[in-house]
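Spelled out, the chains give:
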Amino acid sequence: MPFGYLVPVILVGLATALALVPARRPDLLARLSFRAGVVLDELPQLALYLLLITTVLTIAQGDIKSPAGWVLVGVAILVMGGLVVLIRRGFRARRSVRRALADARIAPAPARRWPWLRIVVAPYYRRRRDVTRVPNISYGDAGRRNLLDLYLHRSRPAGAPILIHLHGGGYSGGHKNSQSLPLIYHLASRGWVCISANYRLRPSAGFRDHLTDAKKVLAWAHKRAAEYGGDPATMVMSGSSAGAHLTALCAFTQNDSRFQPGFEDSETSLAAAVCLNGYFGEYYTGPGLPSSPFDYVRPDGPPFFIAHGDLDTEVPVEQARAFAERIRQVPPNDVVYVELPGGQHAFDLFHSPRFEAVIDGIDAFIASVRSARQQPLP
């Protein structure tokens, strides 16, 4: 049996099994399920190419010479079937997004051409020629953890909507140039001023520090984004995982001086909030005040768009579902809640059918928000 063929079949097979049926317990297996899902849930086609090519080459070179070798080929074919199931799951996201928009009485966004070449062969490549990145602009006094990147259309249109994105990482890791980049580049290519920011992390920082940094980014955008063509009248904040936790808190504590030490009078309002695979529970340690977005829901919050995978092993989908319901219980708050079939945590890293469908939903959601506020669409 060729060892060089055995290894990829076994490794891809185990990863595919964990992606298809992720484990929540024990912790080690749950972590492995998450890591397998991050890659295979969004990029199953790459693993399919690998197995297909290695299988064809192994057979063509005459390396399969025993019954055990043909059994291994059969296993590889079964694994490829599992990868096809993962691919089909990803395409089901479009139907879920449209159903969620319909439930919220929001029309779908105009059809756009998905970046199929990237999806099929280079889903990890996020840059665009019509977008320029201005890195490492300081918005606070905490060094590299208080830096932001700007993503701008090269034509620099005036009066552009603004998106602020906050990365995830459990408040212990993560970086501004890593998550939701397909969304950021997509909006920047449409003329938006997009901002992706670092913030202070554990253990040197705590709950108040994280939230203060997020609000400093908002204050900076309200004050400075016009220099780059941005219009603070449409200020949208998005976040992934822990960044979604911060986004939800910012949405319900707009202009709250408790979390704006030294800049109490600065504007930190939002027009809309987007939470992707978000965590909405309590913070690690007691900060001396409530730390879950559930505790801050109030009637004057902005509209929300929440998307969560139904197979998320890091943050159970029930938490996102409950938070969406909590928002609905406090009218006139609006929320679009999308539950993604087969979605794992961190589904927003690559160009994939699942995340492209979510981007279409965000487009429609933001267009609805701007229309309600009687602002012109881009």
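Structure shown above.
Computed from a predicted structure; not experimentally measured.

Asker: Hey, could you run me through the side chain of threonine 55 in this one?
Answerer: As for its placement among the helices and strands, threonine 55 is situated in helix H3 (residues 44-60). By relative accessible area, which is 7% here, threonine 55 ends up buried. Excluding residues within four positions of it along the chain, threonine 55 makes contact with Tyr5, Val73, Ala76 and Met80.

Asker: Quick question: what am I supposed to make of the pairing of strand E4 (residues 193-197) here?
Answerer: Regular strands place their side chains on alternate faces of the sheet. Counting buried residues in E4 gives 5 out of 5 residues, a clear majority hidden from the surface. Residues Val193, Ile195 and Ala197 line one face of E4 and the alternating positions Cys194 and Ser196 line the opposite face, and both faces are buried. Two elements, strand E3 (residues 160-166) and E4, share 5 bridges in a ladder whose sense is parallel. Within the sheet, the bridge partner assigned to histidine 165 lies in E4 and is serine 196. For the handedness criterion, the β-α-β arrangement of E3, helix H7 (residues 181-189) and E4 is classed as right-handed.

Asker: Got a minute to help me understand the packing of aromatic side chains in this structure?
Answerer: Two descriptors summarise a pair of aromatic rings, namely the distance from one centre to the other and the angle between the planes of the rings. Applying the stated criterion to the full structure yields 15 aromatic pairs. Taken together, a centroid distance of 6.1 Å and an interplanar angle of 70 degrees make the contact between tyrosine 171 and tyrosine 199 edge-to-face. Taken as a pair, tyrosine 171 in the loop between E3 and H7 and tyrosine 199 in the loop between E4 and helix H8 (207-224) lie far apart in primary sequence, 28 residues in all. Each member of the pair, tyrosine 171 as well as tyrosine 199, carries the same accessibility label: buried. Summarising the aromatic geometry, the rings of phenylalanine 280 and phenylalanine 323 are spaced 4.4 Å apart at their centres and angled 20 degrees between planes, so their arrangement reads as stacked.

Asker: Would you take a moment to explain the pattern of salt bridges for this structure?
Answerer: A side chain of one charge can pair with a side chain of the opposite charge when the charged atoms of the two come close. On inspection of all chains with the given rule, the structure shows 16 salt bridges. The shortest N-O distance in the salt bridge between aspartate 256 and arginine 258 comes to 2.7 Å. Across the salt bridge formed by arginine 298 and aspartate 300, the nearest N and O atoms sit 2.6 Å from each other. Taking relative accessible area as the criterion, arginine 298 reaches 27% and is therefore assigned partly exposed. Counted as one network, the salt bridges with shared partners bring together Arg112, Glu356 and Asp360.

Asker: How do you make sense of the packing of helix H1 (residues 3-20) against helix H4 (residues 67-91) when you look at a structure like this?
Answerer: Each pair of packed helices can be described by the angle between their axes along with the distance between the axes. Two numbers describe how H1 lies on H4: the axes approach to 9 Å, and their chain directions differ by 35 degrees. Where H1 crosses over H4, the handedness of that crossing is left-handed. Listed contacts from H4 to Tyr5, Leu6, Val9, Val12, Gly13, Thr16, Ala19 and Leu20 of H1 are Leu72, Val73, Val75, Ala76, Val79, Gly82, Leu83, Val85, Leu86 and Arg89. Each residue belonging to the contact of H1 with H4 can be placed in one class, and the counts come to 14 nonpolar, 3 polar and 1 charged.

Asker: Would you take a moment to explain a positive patch on the surface for this structure?
Answerer: Residues Arg88, Arg92, Arg95 and Arg99 make up a contiguous surface patch of positive charge. Here arginine 88 is to be found in helix H4.

Asker: Quick question: what am I supposed to make of the layout of surface pockets here?
Answerer: In this approach, a probe sized like a water molecule rolls over the atoms, and the result shows the empty space that is left. Approximately 640 Å³ is the volume attributed to the largest pocket. If you trace the largest pocket, you find 27 residues lining it, with Arg31, Gly170, Ser241, Glu314 and His345 closest to the centre. Ranked by residue count, the leading element in the lining of the largest pocket is helix H2 (residues 27-40), at 5 residues. For the lining of the largest pocket, the per-class residue count stands at 12 nonpolar, 9 polar and 6 charged. Of the volumes computed, that of the second largest pocket is approximately 460 Å³.

Asker: Where do I start with unusual backbone geometry in this structure?
Answerer: What you tend to see is this: most non-glycine residues have negative phi, and most peptide bonds are trans. Cis geometry is adopted by the peptide bond preceding proline 203, which originates at arginine 202 and carries an omega value of 5 degrees. Considering the arrangement of structural elements, one finds proline 203 in the loop between E4 and H8. Note that the residue after proline 331, namely proline 332, is joined by a cis bond; omega there is 10 degrees. Counting through the fold element by element, proline 332 comes out in the loop between helix H10 (317-328) and strand E8 (335-340).

The rules we used
- Residues numbered from 1 in each chain as written.
- Predicted model: local features only at pLDDT ≥ 70, side-chain atom pairs only at ≥ 80, totals over all residues.
- Heavy atoms only, no water.
- Helix = DSSP H or I, 4+ residues; strand = E, 2+ residues; numbered from the N terminus.
- Buried < 20%, exposed > 50% of the residue type's maximum accessible area, 1.4 Å probe, protein only.
- Contact = heavy atoms within 4.5 Å.
- Pairing = 2+ DSSP bridges.
- Right-handed = clockwise from strand over helix to strand, strands pointing away.
- Phe/Tyr/Trp six-rings, centres within 6.5 Å; stacked < 30°, edge-to-face > 60°.
- Salt bridge = Lys/Arg side-chain N within 4 Å of Asp/Glu carboxyl O.
- Axes fitted to C-alpha atoms, helices over the stretch in contact; angles between N-to-C directions.
- Left-handed = near helix turned anticlockwise from the far one by under 90°.
- Nonpolar A, V, L, I, M, F, W, Y, C, P; charged D, E, K, R; others polar.
- Patch = residues over 30% accessible without salt bridge, like charges linked within 9 Å, V, L, I, M, F, W, Y side chains within 5 Å.
- Areas by Shrake-Rupley, 256 points an atom, 1.4 Å probe, with all protein chains shown as cover.
- Lys, Arg positive; Asp, Glu negative; His and termini not counted.
- Charge placed at Lys NZ, Arg CZ, Asp CG, Glu CD.
- 1 Å grid on protein atoms, 1.4 Å probe; cavity = no way out; pocket = protein on both sides within 12 Å on 5 of 7 lines; lining within 4 Å.
- Points joined across faces, edges and corners; volume = space filled by probe spheres on them.

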